[in-house]
Amino acid sequence: MSKDLLKSQWGKVNDLLTDQKLGKPQPLFEEPFDNNMVILELEKPENLKFGNISFREVVEKRSSKRKYSKDPLSIDELSYLLWLTQGIRKITNGITFRTVPSAGARHPFETYIFIFNVLNLNAGLYRYIASQHKLLLIDEGDFRELLNDACLGQNFVAQSAAVFVWSCVPYRTTWRYADLSYKAILLDAGHVCQNLYLACESINCGCCAIAAYDQEKLDKLLHVDGEKQFSVYLATVGKIP
């Protein structure tokens, strides 16, 4: 991969002929979904009373944890983690302001969750509907073996309580920043995952980010096309033994 992707070219941003400057419609901040699918309520963010540990302690304790107990997550804990990684605080003129930073507030990600061990929640693949703070059921079933295979045999994946997968819709960012977007998108992914690490640490859970996976297999599991939308990052979550 060219090192140029990692170098700053933002002095040229005003010279770019972008779709935004061409007057093309702003892309949706969230992928459409069928309202007839199963949609599950999550506890409202303002009612979630977790994470009383000090911020300094959370940061100093943070580490990648690959060993998890058999204790389940609660749905409220899952709600807390989703809110702190992609929660929408307000929407103005089709732009979302969330709990994580993003270049130009473009927020190019969708959050998918493979559920293995969450109280009162059937195992399966879900998607976080950030605009409503709800869960959309995509596929019910045990995805441990398939996801373990997609993650190149990293066995701790199947031992977690849940796996967060972030897919990217690049056009949300390229609409404004053209080819400069790709570095920004990668930086944005880091912001999201770091929030997950810190949120997990604050409720005595473990987290481990994963960048090594089979692109085609994971995209297929998510039912995304691999072009306009594709997986870019994932992380396991579970209770600490």
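The structure this text deals with has already been given above.
Residues numbered from 1 in each chain as written. Predicted model: local features only at pLDDT ≥ 70, side-chain atom pairs only at ≥ 80, totals over all residues. Heavy atoms only, no water.

**Q** Help me understand the overall build of the chain in this model?
**A** The helix and strand inventory of the chain stands at six helices and nine strands. Expected size for 241 residues packed as a compact globule is a radius of gyration near 18 Å; at 18 Å, the chain falls within 12% of this value. C-alpha atoms of the chain, sized along the principal axes, occupy 55 × 45 × 40 Å. In the chain, which comprises 241 residues, the share counted as buried stands at 48%. In the chain, 76% of the contacts between residues at least 6 apart in sequence involve partners at least 24 apart. Here the chain holds 28 positive side-chain charges and 28 negative ones, and the gap between their average locations is 7 Å. (Helix = DSSP H or I, 4+ residues; strand = E, 2+ residues; numbered from the N terminus. Rg over C-alpha atoms; globule rule 2.2 N^0.38 Å. Buried < 20%, exposed > 50% of the residue type's maximum accessible area, 1.4 Å probe, protein only. Contact = heavy atoms within 4.5 Å. Lys, Arg positive; Asp, Glu negative; His and termini not counted. Charge placed at Lys NZ, Arg CZ, Asp CG, Glu CD.)

**Q** Looking at this model, I keep getting lost on the environment of C168. Mind explaining?
**A** Position of C168 relative to the elements: it lies in strand 7 (residues 162-168). Here C168 falls in the buried class, since its relative accessible area comes to 1%. Separated by 82 residues in the primary sequence, C168 and Q86 have C-alpha atoms spaced 13 Å apart. Not counting residues within four places of it along the chain, the set of residues in contact with C168 comprises P108, F109, I185, K228, Q229, F230 and V232.

**Q** I keep staring at the sheet that holds strand 8 (residues 205-210) and nothing clicks. Help me out?
**A** Sheet strands pair via backbone hydrogen bonds, and the direction of the pair is either parallel or antiparallel. One open sheet holds the seven strands; their spatial order is 1-6-5-4-7-9-8, and the pairing between them is antiparallel. For this open sheet the edge positions go to strand 1 (39-41) and strand 8, each flanked by a neighbour on one side alone. Pairwise comparison of adjacent strand axes, ignoring direction, gives a mean angle of 30 degrees for this sheet. Lying on the sheet, helix 6 (residues 215-222) is in contact with strand 4 (109-115), strand 5 (124-129), strand 7 and strand 9 (230-239); it crosses strand 9 at an angle near 75 degrees. (Pairing = 2+ DSSP bridges. Axes fitted to C-alpha atoms, helices over the stretch in contact; angles between N-to-C directions.)

**Q** Explain the side chain of D219 here, please?
**A** Checked against the element boundaries, D219 lands in helix 6. It is K220 that comes nearest to the buried, bridge-free D219 among opposite-charge side chains, at 12 Å. Of the polar contacts made by the side chain of D219, one reaches the side chain of S231; its length is 2.7 Å. Excluding residues that lie within four positions of it along the chain, D219 makes contacts with V224, G226, F230 and S231. (Salt bridge = Lys/Arg side-chain N within 4 Å of Asp/Glu carboxyl O. Polar contact = N/O pair within 3.5 Å; in protein donor to acceptor, adjacent residues only side chain to side chain.)

**Q** Is there a simple way to explain the nonpolar core in this structure?
**A** Here is a general trend for soluble globular proteins: nonpolar side chains tend to be buried in one another's company. Judged by nonpolar contacts, the single largest core of 39 residues is most densely connected at L81, I113, F164 and L196. Broken down by secondary-structure element, the contributors of at least two residues to this core are helix 2 (75-86), strand 4, strand 5, strand 6 (134-140), strand 7, helix 5 (181-202), strand 8 and strand 9. The leading source of residues in this core is helix 5, at eight residues. Aside from chain neighbours lying at most four places away, what touches L196 is L81, T85, F164, W166, C207, A235 and V237. (Core = buried A, V, L, I, M, F, W, Y, C linked by side-chain atoms within 4.5 Å.)

**Q** Please explain the pattern of salt bridges as it appears in this structure.
**A** For side chains of opposite charge, pairing can occur when their charged atoms come near one another. Enumeration according to the criterion identifies 11 salt bridges in this entry. E77 is paired through a salt bridge with K239; the nearest N and O atoms lie 2.7 Å apart. Of this pair, E77 sits in helix 2 while K239 sits in strand 9, and the two are 162 residues apart along the sequence. A residue is classified by how much of its surface remains accessible, and K239, at 15% relative accessible area, is buried. Residues E110 and R172 are paired through a salt bridge, measuring 2.4 Å at the closest nitrogen-oxygen approach. Within this pair, whereas E110 is found in strand 4, its partner R172 is found in helix 4 (residues 171-177), the two being separated by 62 residues in sequence. Given the relative accessible area of 1%, R172 is considered buried. If you follow the salt bridges from partner to partner, you end up with E31, E110, R127 and R172 in one network.

**Q** What is the right way to look at helix 6 in this model?
**A** Along an α-helix, residues three or four positions apart point the same way, because every turn accommodates 3.6 residues. Of the residues making up helix 6, those classed as buried are L218, D219, L221 and L222. Looking straight down helix 6, one finds its buried side chains confined to an arc of 160 degrees; they lie on one side. In helix 6, the exposed residues that point more than 90 degrees away from the buried face are E216 and K220. In the core, the buried residues of helix 6 are packed alongside strand 4, strand 5, helix 3 (144-150), strand 7 and strand 9. (Arc of directions from axis to C-beta.)

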